[in-house]
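# Notes for the structure review
The residues making up each chain are set out below.
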Amino acid sequence: MAQKGVQLDRETFSCSICLDLLKDPVTTPCGHSYCKNCIQSFWDGEGEKRSHSCPQCRQTFTPRPVLLKNTMLAAVVEELKKTGLQAAPADHCYAGPEDVGCDVCTGRKLKAFKSCVQCVASYCEKHLQLHYESPTFMKHKLVEPSQKLQENMCSRHDEVMKMFCRTDQQCICYLCSVDEHKGHDTVSAAAERTERQRELEGSRLNIQQRIQDGEKDVKLLQQKVEVINRSADRAVEDSEKMFTQLIRLMQKRSSDVKQQLRSQQESEVSRVKELQEKLEQEITELKRKDADLKQLAHTEDHNQFLHNYPSLSPLSESTLSSSINIPLRYFEEVTAAVSQVTDELQDVLREKWTNISQTGTEVDVSLSAEPKTRAGFLKYSRDITLDPNTAHTQLLLSEGGRKVTFMSQHQSYSHHTDRFTDWPQMLSRESLTGRSYWEVERSGGGVCVAVAYKNISRAGGGECEFGVNDKSWMLYCDDDRYTFYYNKVRTPVSGPASSRLGVYLDHRAGVLSFYSVSDTMTLLHRVHHTFSQPLYAGVGLYSYYPGDTAEFCKLK
């Protein structure tokens, strides 16, 4: 009851603005009291208003009242300060059923602020001060409040278990190490924690890598689903065109072929999506495992860490696949068979249908498998020459239009609407459709290789720069660093440094890949995009150092 009375007195003589004991108390005309600075600051915050109000009862005063010191209240407050009485802790400061209570507090216990591993006890902020002030206790290890401190005590010797027996794989105290564990391989719990921590971090890195690989494979599967659908749609479209030429004679066959293609499409898509779902399930499990390991990694109590570490289940073997092959020969074979039948029927009926011409278009229904070796890429090599009408005036062409050099002096090129005027870059003469591969040998930094539509802007600041619009794709090479740009989006790229870069384009499949070429070929970045126009090879010298060069290599 006495404590409750003291708390009431303190609340009575507290400022309702700062919630502390009144300092230099003053009283408003309505009878409420505040710290002088608090009420003045409150009224100052009301600005240039003609009237001012009481923060408690909201009574207004016009003009602003002159505040007078409440001498009697000031004397009472001073007496309260001299007694050294403190406000009772708020209810949320006391330990509840789920909280760790202070082991020193009597009566109703406060929440523990820290637990001491050596003392095997938990302390509130007040009783923890000895651990901060005494040289003896300052060496103790403090951890987050824990209700499992007794698990750190040896049940045999009632000592803190600071050792770890590797022979028996258990925490022990010092007396155990010279008693029943004598001659065993024992180390400190901290040393064992350090060793297991390294293993844990290695496991996390492995999981994170598998997650990344899995997400890449999921994305690849989704892309292949789109290619399957696109290939099937092309096959259906061409089949319908060819059968339309034969009208009623082949209508039933057209329907049969369409049904077969759709059935195969559904079967292939279903198989790929099933694999995709399995991969996503494994990724979810890996993320959960990573979260468990992360939580264990942040456990401050060595013994708790070692106690829980063996309970973690080992990683299962990955079912992720870095190369997922989707056979699409069925679509090719059906299209080829329909084309063959159409040709044969046209030969038979040529005399009657002499005015009918073959209007079918070339259709690529294969999943364009990207070559795996340089020899495979060289099958699609193209001779690229640069168009002088597109060259910026600080670029000098040589080697038959294959090599470009950055010059300090502007060249005397004639005016042309295709010329780039703001950035030192240029495009090829040749347009690129189908499959194409070329290589660029560079010297110096700030070299970029690119592809672009012909209608890319040639002037206008950033809008004509490769990679900062939706009409060009650019890989920027600066010494041993790579960056990919498209439509103002910058993507850092990692890979081995090389003076030679390879570019592979499958226009129909919508694939653009950049490679670092040395003894082996290393993929730097791959783009999947539906290209709406023919593309042109591009090159830029953005280092602005005279003498930097880029040359399109002869590959045949």
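Residues numbered from 1 in each chain as written. Predicted model: local features only at pLDDT ≥ 70, side-chain atom pairs only at ≥ 80, totals over all residues. Heavy atoms only, no water.

Looking up the protein in an unreviewed UniProt entry gives the name Tripartite motif-containing protein 16-like, with the organism given as Cottoperca gobio.

Moving on: the overall build of the protein. If you tally the helices and strands in the protein, you get 11 helices and 24 strands. Within the protein, buried positions represent 42% of all 556 residues. Carbon and sulfur atoms make up 50% of the accessible area of the protein, which totals about 31300 Å². (Helix = DSSP H or I, 4+ residues; strand = E, 2+ residues; numbered from the N terminus. Buried < 20%, exposed > 50% of the residue type's maximum accessible area, 1.4 Å probe, protein only. Areas by Shrake-Rupley, 256 points an atom, 1.4 Å probe, with all protein chains shown as cover.)

Residues Leu200, Leu261, Phe305 and Leu306 are the most contacted members of the largest nonpolar core, which totals 37 residues. Within the residue set of this core, elements represented by two or more residues are strand E9 (163-165), strand E10 (170-172), helix H7 (189-245), helix H8 (251-297), helix H9 (302-308) and helix H10 (329-348). Ranked by the residues each element gives to this core, the list is headed by H7, at 11 residues. Residues within four places of Leu306 in sequence aside, it is in contact with Phe164, Cys171, Ala189, Glu192, Arg193 and Arg196. (Core = buried A, V, L, I, M, F, W, Y, C linked by side-chain atoms within 4.5 Å. Contact = heavy atoms within 4.5 Å.)

The residue after Thr62, namely Pro63, is reached through a cis peptide bond having omega 0 degrees. Tracing the backbone shows Pro63 in the loop between strand E4 (60-61) and strand E5 (68-69). Phi at Asp24 takes a positive value of approximately 50 degrees, unusual for a residue other than glycine. Relative to the elements of secondary structure, Asp24 occurs in the loop between helix H1 (2-12) and strand E1 (25-27). The partly exposed category is assigned to Asp24, whose relative accessible area is 37%. Phi at Gln169 takes a positive value of approximately 55 degrees, unusual for a residue other than glycine. Following the sequence through the fold, Gln169 ends up in the loop between E9 and E10.

If you trace the 6 strands from one edge of the open sheet to the other, you get E14-E23-E16-E17-E18-E19, paired in antiparallel fashion. If you trace the sheet from one side to the other, it starts and ends with strand E14 (425-432) and strand E19 (489-493), each paired once. Here the strands of the sheet are splayed against their neighbours by 20 degrees on average, with no regard to which way each runs. Relative to strand E18 (residues 481-486), strand E17 (residues 472-478) runs antiparallel, the two being bridged by 6 bridges. Note on E18: the bridge partner recorded for Met474 is Tyr485. (Pairing = 2+ DSSP bridges. Axes fitted to C-alpha atoms, helices over the stretch in contact; angles between N-to-C directions.)

The next subject is the sheet that holds strand E2 (residues 33-35). With antiparallel pairing, 3 strands are arranged side by side in an open sheet as E2-E1-E5. Each edge of the open sheet carries a strand with a single partner, namely E2 and E5. Here 3 bridges tie E1 to E2, and the two strands are oriented antiparallel to one another. Along E2, the bridge assignment pairs Pro25 with Cys35. Packed onto the sheet, helix H2 (residues 36-44) meets E1 and E2 and runs at close to 90 degrees relative to E2.

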